Amino acid sequence: MSLLVVGLSHRSAPVSVLERAALSQDAQIKLLQDTVAAEPATEAALLATCNRIELYADVDKFHAGVAELSTLLAQHSGVGLDELTPYLYVHYEDRAVHHLFSVACGLDSMVVGEGQILGQIKDSLALAQELHSAGRLLNDLFQQGLRVGKRAHSETGIDRAGQSLVTFGLQQLAGGRSAGGSVESWAAGKKALVIGAGSMSSLAAATLARLGVAEIVVANRTPDRAERLAQIINENSENSQYEGREGREGGVTSVVARAVPMASVPFELTRADIAVSCTGATGLVLTAGIVAAAVEGRVPADEAGLSPRTTARGGVRAVLPPTSLGTEDGCPLDLSAAQTGQTAQAGQAVQESAGFSVMGEAAVAGMDAATLEQHAAWVDNGTVDRRDTARRTPDDDRELIAALALTAATLGRIPERRRPEVVVGVPRPAPVLSLLDLAMPRDVDAAAHRLAGVRLVDIESLAEASADAPMAADVDQVRRIVADEVAAFGAALRAAHITPTVVALRAMAADVVAGEIARLDGRLPGLDEKHRAEITQTVRRVVDKLLHAPTVRVKQLAAEPGGAGYADALRTLFDLDQETVASVSRADQDGPDTTTETNAENRGRA
């Protein structure tokens, strides 16, 4: 048996490719069924999350397995093989084990140390067991992966190196609203809309409740699931109040949750401060038009200087407050007069812009030369003595002209003496609606981030934000745990690989003993039962002692790296029948460890 994994993730592929390659639940089932039906693979499991798709298989041929698994991924994802291949990665045997254990510990996550991946691995194992596509190898691998992940979180501070994708996304939204403020203070008292009722959406709802939002509205295509999630939130809130648990701000945590149909999402969006979406929809759940209408419908015209108006493209444009440029003490211009004059000249366009740069040409149009000169000196933080200007003589001008001519002859041009005009960035109003899109493919139109009053954080922006995130010191400790667990798993796997050969050897020895005792009965027919039993026991002890040391040692050697060849050597030395060894192996795989009852028990323990 040889473990192979072929996949792509946020580390190897852009979000646009991951988005297109996302698999529905039906597609995941069909992919697993087709994988185990393919010739190179005997077992298969699929780990499909919002930012990774990985197909695990037990194959008998490496190159044929890579080709078959890559082709199947392309076929079921709908992305052409030529386009998908550059983003695929391949891990084999020990490297495949190391990869899964690293994923389980959160080392390969977009946010290092996040623990949600353990639940996703558990779901992947449950699906493979339900479809009977996971045999002894993948059952052992995924169950061990779950144990390694739990060990990493319990024995180290890997949680400090990062947090769940939900928490990290909310922190990005909070940082965009008020730099330096905590996510708790940002979320406290807000109204939240959660779209979807799956594992990610449930985690988002629980996180928002813990952060202290005042209300959570759950929308889902299946009303029962939305009702159930809202009920859980309300029950947890009631328990928190009953037990007197206090939140970050010192008050008893309280949140009201209710469920609504998906058709109510546009209206609920007009009431929400935060919206988190994570559904399995193949198309957009929130278009830019829906978001724009929600912002326009919820923001009063006189609130925070915002006066939304619908543009020809259906977006929202806000009239920005006047700029503060030019209001410093000492500015020689009468800004109010200049603004009034410019508004009269420019008409409606300037009225809408409601601001200007006193360092631009439009601000000083029509000023007399002396005022312009005085303004230029103020901009340069200098002064102009008009008496010096009045005392300038023709000789001074000739000297200046000669200097300019010399410079032009040397440089080929006259240098620019004017101070460059300052480009004033258009201030963006503070967001009134914060959107967190955790779906893959995306639920929220990417164009929504260009709307005034909207802040959007999605998988792509989270990947960029977390790229330079500092690594905690505990990461090194987790890596050591992973390395130790990979070595232990490999040793156990190699030892298990030679076990059928050892069992076949002992069975052959037992047959030899039985044959020799039968010959003894033929030669000594009058041998009484007592003596016969004593002779039989003696012969068996001799054989067991002769085989004990070599079989124990061969298991130890086989557990070491490169020890797979000892099984072949043992079969050759003792002339063991290959079919006998194979039959022992099949009987071992069909044993009680892989029964449905035991799988269910393992899932419960995981």
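Above this text you will find the structure in question.
Heads up: these notes are all about the structure in this document. All residue numbers refer to position in the chain's written sequence, counted from 1. In view of the model being predicted, local features appear only for residues whose pLDDT reaches at least 70, and side-chain atom pairs are presented and counted only at 80 or more, with totals across whole chains, interfaces and linings using the full set of residues. With hydrogens and water excluded, all non-hydrogen atoms of the structure serve as input to the side-chain values.

**A look at the pairing of strand S6 (residues 215-219)**
Okay, so step 1: Within S6, five of the five residues are buried, leaving the element largely enclosed by the surrounding structure.
Okay, so step 2: Clockwise travel from the first strand over the helix to the second, with the strands pointing away from the viewer, marks a crossover as right-handed. Numbering of helices and strands starts at the N terminus; helices are DSSP runs of H or I of at least 4 residues and strands are runs of E of at least 2. A crossover links strand S5 (residues 191-195) with its parallel partner S6, the connecting element being helix H11 (residues 199-211), and its sense is right-handed.
Okay, so step 3: Any two strands with at least two DSSP bridges between them are considered paired. Here S6 pairs with strand S7 (residues 256-260) via five bridges, running parallel. Note on S7: the bridge partner recorded for Ile216 is Ala257. Between buried and exposed lies partly exposed: a residue is buried under 20% and exposed over 50% of the maximum accessible area for its type, with that area taken using a 1.4 Å probe on protein chains only.

**Overview of the sheet that holds S7**
The strands making up a sheet associate through backbone hydrogen bonding, with each pair oriented either parallel or antiparallel.
Okay, so step 1: The six strands lie next to each other as S7-S6-S5-S8-S11-S12, forming an open sheet whose pairing is parallel. Each edge of the open sheet carries a strand with a single partner, namely S7 and strand S12 (454-457). This sheet shows a mean twist of 15 degrees between the axes of neighbouring strands, independent of strand direction.
Okay, so step 2: Where S5 meets S6, five bridges bridge the pair, whose relative direction is parallel. Note on S6: the bridge partner recorded for Ile195 is Ala219.
Okay, so step 3: Against the sheet, H11 contacts S5, S6 and strand S8 (274-277), and its axis sits at roughly 170 degrees relative to S5. For helices, the fitted line uses only the C-alpha atoms of the stretch in contact; every axis is such a line through C-alpha atoms, and the angle between N-to-C directions lies from 0 to 180 degrees. Any pair of residues with heavy atoms lying within 4.5 Å of one another is described as a contacting pair.

**Notes on helix H3 (residues 62-77)**
Okay, so step 1: In a helix, the anticipated span is given by 1.5 Å times the number of residues less one. Compared with the 22 Å implied by 1.5 Å per residue over 16 residues, the 22 Å span of H3 between its first and last C-alpha is a close match.
Okay, so step 2: Along H3, the residues classified as buried are Gly65, Val66, Leu69, Ser70, Leu72, Leu73, Ala74, His76 and Ser77.
Okay, so step 3: The elements touched by buried residues of H3 are strand S1 (2-9), helix H1 (15-21), helix H2 (25-37), strand S3 (52-59), helix H4 (81-84) and strand S4 (89-92).
Okay, so step 4: Phi turns positive one or two residues past the end of H3, at Gly78, with a value near 85 degrees.

**Section: the side chain of His99**
Okay, so step 1: Tracing the chain through its elements places His99 in helix H5 (residues 94-105).
Okay, so step 2: Taking the relative accessible area as the measure of exposure, His99 reaches 9% and is therefore buried.
Okay, so step 3: Under the rule applied, a polar contact is a pair of N or O atoms within 3.5 Å (in protein, one hydrogen donor and one hydrogen acceptor; residues adjacent in sequence only if both atoms are side-chain atoms). In terms of polar contacts, His99 uses its side chain to reach the side chain of Glu54, at 2.6 Å.
Okay, so step 4: In contact with His99, other than residues within four places in its own chain, are Arg52, Glu54, Tyr56, Tyr89, His91 and Asp108.

**Some thoughts on the sheet that holds S4**
Okay, so step 1: In spatial order, the strands read S2-S3-S1-S4; together these four strands make up an open sheet with antiparallel pairing. Edge positions in the sheet fall to strand S2 (41-49) and S4, since each has one partner strand and no second. Neighbour-to-neighbour, the strand axes of this sheet turn through a mean angle of 15 degrees, independent of strand direction.
Okay, so step 2: Along the sheet, H2 makes contact with S2 and S3, crossing S2 at roughly 160 degrees.
Okay, so step 3: H3 contacts S1, S3 and S4 of the sheet and is inclined by roughly 35 degrees relative to S1.

**A look at the packing of H5 against helix H6 (residues 116-130)**
Okay, so step 1: Running from amino to carboxyl end, H5 crosses H6 at an angle of 130 degrees, the nearest separation of the two axes being 7 Å. Considered as vectors, H5 and H6 are oriented oblique to each other. Seen from H5, the contacting residues are Leu100, Val103 and Ala104; seen from H6, they are Ile117, Leu118 and Ile121.
Okay, so step 2: When the residues that make up the contact of H5 with H6 are grouped by side-chain class, the tally is six nonpolar, no polar and no charged. Any angle that is under 35 degrees is reported as roughly parallel, and any over 145 degrees as roughly antiparallel; angles of 65 to 115 degrees are reported as roughly perpendicular and all others as oblique. Residues are grouped as follows: nonpolar covers Ala, Val, Leu, Ile, Met, Phe, Trp, Tyr, Cys and Pro; charged covers Asp, Glu, Lys and Arg; every other residue, Gly included, is treated as polar.

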